[in-house]
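Survey of secondary and tertiary structure
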Amino acid sequence: MGVTCVCQVPVADGKSVQQTVDILHKKLEQLGAVKQGSFCVDCETYQSTGNAGGQSSKLLYVMHNSEFPLSCLALFEGGPCLTADANFDVLMVKLKSHFQNAKGHKVECRGSRYRYCDFLIKVGTVAMSSSVRGISVEVEYCPCVVPGDCWNLMKEFMQSFLGSNVPELPTVFAAKPEGLFAPADCVDTMTQYLELFNKLRKLQITGSSVR
């Protein structure tokens, strides 16, 4: 996959979440983007039960992306990540004596995929326990894997339908030893989704906003 940016889009003044999503869809279609199905990204949270050596328990996030249906990603809080096949969920059940599922913490993002020239755009609503928490936008520039070579182009494109809500450069790129010239991969994308999910977990959206 190419360089990808994931960001939150605020609900438009006087509009609901769904109305704001519809506005984004309309702007993309006016640009000439073509709808190409739907997508889903989800995240289950597990907490380690053992604290040998007096260490505090850590969180493990198991994430799925419909773009990669045969695999999932496991990210440890502040630690390494690994890519595994879809049966990893079954393994987590067998490891319940070591990792406890945090009930009610599953976050899911669903929405529509659009294609515009070399860009793949996904507009989704983020929900937790059936409660809508916010709006996500993912933009991928497919031909390039080096953020430093295409970020200005991506920013200009995002401005065409996000306006002043264009995000800054994702920190996941700048944090790498090679900076903007380290190749991007799916872990970078899922890390951005995880950051967004953790941010939205802490937010409460009023009932009037989610009609």
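Whatever comes next refers back to the structure up there.
Residues numbered from 1 in each chain as written. Predicted model: local features only at pLDDT ≥ 70, side-chain atom pairs only at ≥ 80, totals over all residues. Heavy atoms only, no water.

1. Some remarks on the overall build of the protein
Assigned secondary structure in the protein consists of 5 helices and 9 strands. Relative to the compact-globule value of 17 Å for 211 residues, the protein shows a C-alpha radius of gyration of 18 Å, a close match. Principal axes of the C-alpha set define a box for the protein whose edges measure 55 × 45 × 30 Å. The 211 residues of the protein split such that 45% are buried. Restricting to contacts in the protein with at least 6 residues of sequence separation, those with at least 24 account for 60%. Split by element, the accessible area of the protein, about 10,900 Å² in all, is 53% carbon and sulfur. (Helix = DSSP H or I, 4+ residues; strand = E, 2+ residues; numbered from the N terminus. Rg over C-alpha atoms; globule rule 2.2 N^0.38 Å. Buried < 20%, exposed > 50% of the residue type's maximum accessible area, 1.4 Å probe, protein only. Contact = heavy atoms within 4.5 Å. Areas by Shrake-Rupley, 256 points an atom, 1.4 Å probe, with all protein chains shown as cover.)

2. Regarding the side chain of E138
For E138, the position within the fold is in strand 9 (residues 131-141). The class for E138 is buried, based on a relative accessible area of 1%. A polar contact of 2.6 Å, which involves the side chain of E138, links it to the side chain of Y193. Beyond its immediate sequence surroundings of up to four residues, E138 is in contact with T4, C5, V6, L120, I121, K122, T189 and Y193. (Polar contact = N/O pair within 3.5 Å; in protein donor to acceptor, adjacent residues only side chain to side chain.)

3. Quick notes on the side chain of Q192
With respect to the secondary-structure elements, Q192 resides in helix 5 (residues 186-201). Of the polar contacts made by the side chain of Q192, one reaches the backbone nitrogen of V6; its length is 2.8 Å. Contact partners of Q192, with chain neighbours within four places excluded, come to T4, C5, V6, P170, V172 and F173.

4. Comments concerning helix 3 (residues 147-162)
Spanning 16 residues, helix 3 covers only 20 Å between terminal C-alpha atoms, well under the ideal 22 Å at 1.5 Å per step. L153 marks where helix 3 bends most, by close to 25°. Inspection of helix 3 places P147, C150, W151, M154, F157, M158, F161 and L162 among the buried residues, and these make up the whole buried set. Where helix 3 is buried, its residues touch strand 1 (3-9), helix 1 (17-31), strand 7 (107-116), strand 8 (119-128), strand 9 and helix 4 (171-174). Just downstream of helix 3 lies G163, where phi reads positive at about 60°. (Expected span 1.5 Å × (residues − 1). Bend = angle between axes of the 7 residues up to and from the residue.)

5. Here's the deal with the environment of T49
In this structure, T49 sits in the loop between strand 2 (34-48) and strand 3 (59-65). In the structure, T49 is positioned 47 residues away from G2 in sequence and 37 Å away in space, judged by C-alpha atoms. When near neighbours in sequence (up to four residues on either side) are disregarded, T49 contacts S97, H98, F99 and Q100. Separated by 2.6 Å, the side chain of T49 and the backbone oxygen of S97 make a polar contact.

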